[in-house]
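The chain contents come next:
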Amino acid sequence: MTDSKYHLETLATRFDRAGGGVRNAGDVVPPIHLSTTHEMRSPGESDHGYKYNRFGNPTRDILEERLTKICDAERAVTCASGTAAIAATCLSVVEAGDHIVAFDGIYGGTRLLFEDLLVDSLGATVEYVDATDMDTVDAAITDETALVWMESPTNPLLRLCDLAAVGEIATAVDATYVVDNTFATPYFQRPLERGADIVVHSTTKYLNGHSDSMGGAILTDDHSLADAVEHTQSYDLGGTLAPFDSYLTLRGLRTFPLRMDRHEANAGELARYLDGHPSVAHVNYPGLPHHPQHDLAREQMDGFGGIVSFELDATAAETRAVLEVLDVFTLAVSLGGTESLVDHPATMSASYLADAEREAAGISDSLIRIAVGVEHVDDLLADLDQALENL
């Protein structure tokens, strides 16, 4: 049976011992190849195709092959971090003076990279738009647009864009269309099927899933784009994913589907609880019927994910007090691990944005983001309940 016949749950655990330059020693999990250099049969020639870690590593190749199958993509390029994946993608597509259109709700770190790397260094123009409104996107994208960058759901307000509709607009002007799919993951959403040219992931998050490895991935069906990104990554930036991090991500992928089911189930329970709490002013979660894009989420996603954000009816000091008494939730940035994390975007994950930028992005001092883990949901509910009881 070919791999195309298997479901994602099977592909996540399946190790093809014939791939990745690995000798078949009966391993049921991929081995770690730590060598930084490889012996050649004669000058410039080898029997195995490897010469130096930056240009190819057997463990990393296995991971990239696994990711193509899980994401139903033709090619994958892995990087040392999610930010490295964003940088390699942008530098492979954008030229000096180009016009870029991006969702105004993209991750703050991506926005910072755009401003430092593309605007300040390359002289590009980045136009941030409300991509929940297709008329606004259509008006912004012109024949001069080289790159369209979307993120759906966004961080931390969980806003969505119509992936297929944006794809049609981008294709009409021959712009490269990129979707950051970190929050949704390929388990819940597959942007390549909806017109994206490239999908990027921070593998640090759900794909690894254990908060012990940093990495990024670039997926595409376009071989010329993949070649360009691979060249930029290997020859220009050198930010390739280390063999041990490749192994850890492969290890995490074996439980990826199981974890995502539990993340979503727990997140849905917590979102409904918070939605009915008298001290909570507003809850952001696509799975709630009153989310402004709930119907779109149901149409283009297979699930609603494991992230919930909410506004407290509280002052900044009261919000801080709530965060400091949580017990099961760990106060920390990042997301996607088995443990539940709580983040105060204004002072943590979005702290490097100027006050005016945070305000414009809707990130207030009373906004809280929770990355819901796989613990027993009753323990999570009880922890939130005791933290909110004094408001």
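Summarised in this report is the structure supplied together with it. (Residues numbered from 1 in each chain as written. Predicted model: local features only at pLDDT ≥ 70, side-chain atom pairs only at ≥ 80, totals over all residues. Heavy atoms only, no water.)

With that settled, the discussion passes to the overall build of the protein. Helix and strand content of the protein: 14 helices and 12 strands. Seen through its principal axes, the protein has C-alpha atoms that stretch 75 × 50 × 35 Å. The burial tally for the protein puts 55% of its 391 residues in the buried class. Looking at the protein alone, contacts between residues at least 24 apart form 72% of all its contacts between residues at least 6 apart. For the protein, the accessible surface area stands at approximately 16,500 Å², while carbon and sulfur atoms represent 48% of it. (Helix = DSSP H or I, 4+ residues; strand = E, 2+ residues; numbered from the N terminus. Buried < 20%, exposed > 50% of the residue type's maximum accessible area, 1.4 Å probe, protein only. Contact = heavy atoms within 4.5 Å. Areas by Shrake-Rupley, 256 points an atom, 1.4 Å probe, with all protein chains shown as cover.)

Let's shift gears to the sheet that holds strand β10 (residues 330-331). With respect to topology, 5 strands assemble into an open sheet ordered β8-β9-β12-β11-β10, the strand pairing being mixed. Looking at the sheet topology across the chains shown, the edges are occupied by β8 (280-284) and β10. The sheet contact formed by β10 and strand β11 (residues 341-343) spans 2 bridges and is parallel. Within β11, the position partnered with Thr 330 by the bridge is Leu 341. (Pairing = 2+ DSSP bridges.)

One pass over the full model with this rule turns up 14 salt bridges. Residue Asp 130 is joined to Arg 159 by a salt bridge in which the shortest nitrogen-to-oxygen separation is 2.9 Å. Of this pair, Asp 130 sits in the loop between β3 (125-129) and α5 (134-140) while Arg 159 is found in the loop between β4 (145-151) and α6 (163-172), placing the two residues 29 residues apart along the sequence. Since its relative accessible area comes to 29%, Asp 130 is described here as partly exposed. Across the salt bridge formed by Arg 320 and Glu 324, the nearest N and O atoms sit 4.0 Å from each other. With Arg 320 and Glu 324 both in helix α12 (residues 316-325), this residue pair falls 4 residues apart, about one helical turn. A single network of salt bridges, built from pairs that share partners, joins Arg 75, Asp 227 and Glu 230. (Salt bridge = Lys/Arg side-chain N within 4 Å of Asp/Glu carboxyl O.)

All right, on to helix α8 (residues 223-237) then. End to end, α8 covers 20 Å across 15 residues, agreeing with the expected 21 Å (1.5 Å per residue, within 8%). The complete set of buried residues in α8 reads Leu 225, Ala 226, Val 229, Thr 232, Gln 233 and Ser 234. Packing partners of the buried residues in α8 comprise β1 (75-79), α3 (82-93), β5 (176-180), β6 (198-202) and β7 (216-220). Of the residues trailing α8, Gly 238 is marked for its positive phi of about 75 degrees. (Expected span 1.5 Å × (residues − 1).)

With that settled, the discussion passes to the nonpolar core. Grouped together as the largest cluster of nonpolar side chains are 74 residues, with contacts concentrated most on Phe 114, Trp 149, Met 150, Tyr 177, Ile 218, Leu 219 and Phe 256. With 7 residues, α3 is the single largest residue contributor to this core. With residues near it in sequence (within four places) discarded, Leu 219 still touches Leu 67, Thr 68, Cys 71, Ala 73, Arg 75, Ala 76, Leu 192, Asp 197, Ile 198, Val 199 and His 201. Leu 160, Ala 271, Val 322 and Val 342 belong to the second-largest nonpolar core, a separate cluster that totals 32 residues. (Core = buried A, V, L, I, M, F, W, Y, C linked by side-chain atoms within 4.5 Å.)

Each neighbour pair has its own omega, and for Ser 152 with Pro 153 the value is 0 degrees, a cis peptide bond. Inspection of the secondary structure assignment puts Pro 153 in the loop between β4 and α6. The residue after Asn 155, namely Pro 156, is reached through a cis peptide bond having omega 10 degrees. For Pro 156, the position within the fold is in the loop between β4 and α6. Its identity as a non-glycine residue notwithstanding, Asp 72 has a phi of 55 degrees, on the positive side. The phi angle at Leu 158 is positive, at roughly 55 degrees, despite the residue not being glycine. Tracing the chain through its elements places Leu 158 in the loop between β4 and α6. Overall, the relative accessible area of 2% leaves Leu 158 in the buried class.

Here the focus is the pairing of β3. In the sheet, strand β2 (residues 99-103) pairs with β3 via 5 bridges, with the strands oriented parallel. In the sheet register, Ile 100 faces β3, and the bridge partner there is Val 126. In this view, the connection linking β2 to its parallel neighbour β3 by way of helix α4 (residues 108-121) has right-handed handedness. (Right-handed = clockwise from strand over helix to strand, strands pointing away.)

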